[in-house]
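# Results of the structural survey
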Amino acid sequence: MRITKLFFTILSLAFFTSATKANIEPTTNNVREEIEILINKASLSFDSELEITLNFLINNNNEIIVVSTNNPDFESQFRSILNLKKIKTQDVTFNKMYTLPIKVKKM
């Protein structure tokens, strides 16, 4: 009897853990795709390839708030492109810090 209870406890724990991960990842991917589209529309040109880490929030109005980047030389450009732009993704956690690595290719 204890083995059966243990088995079902482990099985339910595994189910809830996988269900939680399934709900988080698609939303983050949707936000990433929307940010990628906004950056591509801006048609930025760089002299070399860059790797930038973007830290941002989504406010209660579904707008992107750029908090910081790891490269202060390009922070103002990313702020002007992304700040207060509305996103279509609805299932995001508001006022949570998101970190997104961005690779910008030379153009």
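None of the values given here were measured: they were computed from a predicted structure.

Each value, and the rule that gives it
Residues numbered from 1 in each chain as written. Predicted model: local features only at pLDDT ≥ 70, side-chain atom pairs only at ≥ 80, totals over all residues. Heavy atoms only, no water. Buried < 20%, exposed > 50% of the residue type's maximum accessible area, 1.4 Å probe, protein only. Helix = DSSP H or I, 4+ residues; strand = E, 2+ residues; numbered from the N terminus. Pairing = 2+ DSSP bridges. Salt bridge = Lys/Arg side-chain N within 4 Å of Asp/Glu carboxyl O. pLDDT = per-residue confidence, 0-100. Contact = heavy atoms within 4.5 Å.

## A closer look at the pairing of strand 3 (residues 98-104)
Of the two faces of strand 3, only one is covered, namely that formed by Tyr98, Leu100, Ile102 and Val104; the face formed by Thr99, Pro101 and Lys103 stays uncovered. As paired elements, strand 1 (residues 50-58) and strand 3 share 7 bridges and run antiparallel to each other. Paired with phenylalanine 56 across the two strands is tyrosine 98, which belongs to strand 3.

## Brief notes about the pattern of salt bridges
Applying the stated criterion to the full structure yields 3 salt bridges. Residues glutamate 33 and arginine 32 are paired through a salt bridge, measuring 4.0 Å at the closest nitrogen-oxygen approach. Note that glutamate 36 and arginine 32 form a salt bridge whose closest N and O atoms lie 3.2 Å from each other. With glutamate 36 and arginine 32 both in helix 1 (residues 2-42) and 4 residues apart, the pair spans about one turn of that helix. Since its relative accessible area comes to 33%, arginine 32 is described here as partly exposed.

## Side note on the confidence of the model for the chain
When pLDDT is averaged across the chain, the result is 77; 72% of the residues are at 70 or more. Between the elements of the chain, mean pLDDT differs from a low of 60, seen in helix 1, to a high of 94, seen in strand 2 (residues 64-69). Per-residue pLDDT stays below 50 along residues 6-25; that stretch engages in 1 contact with residues further than four places along the chain or on separate chains.

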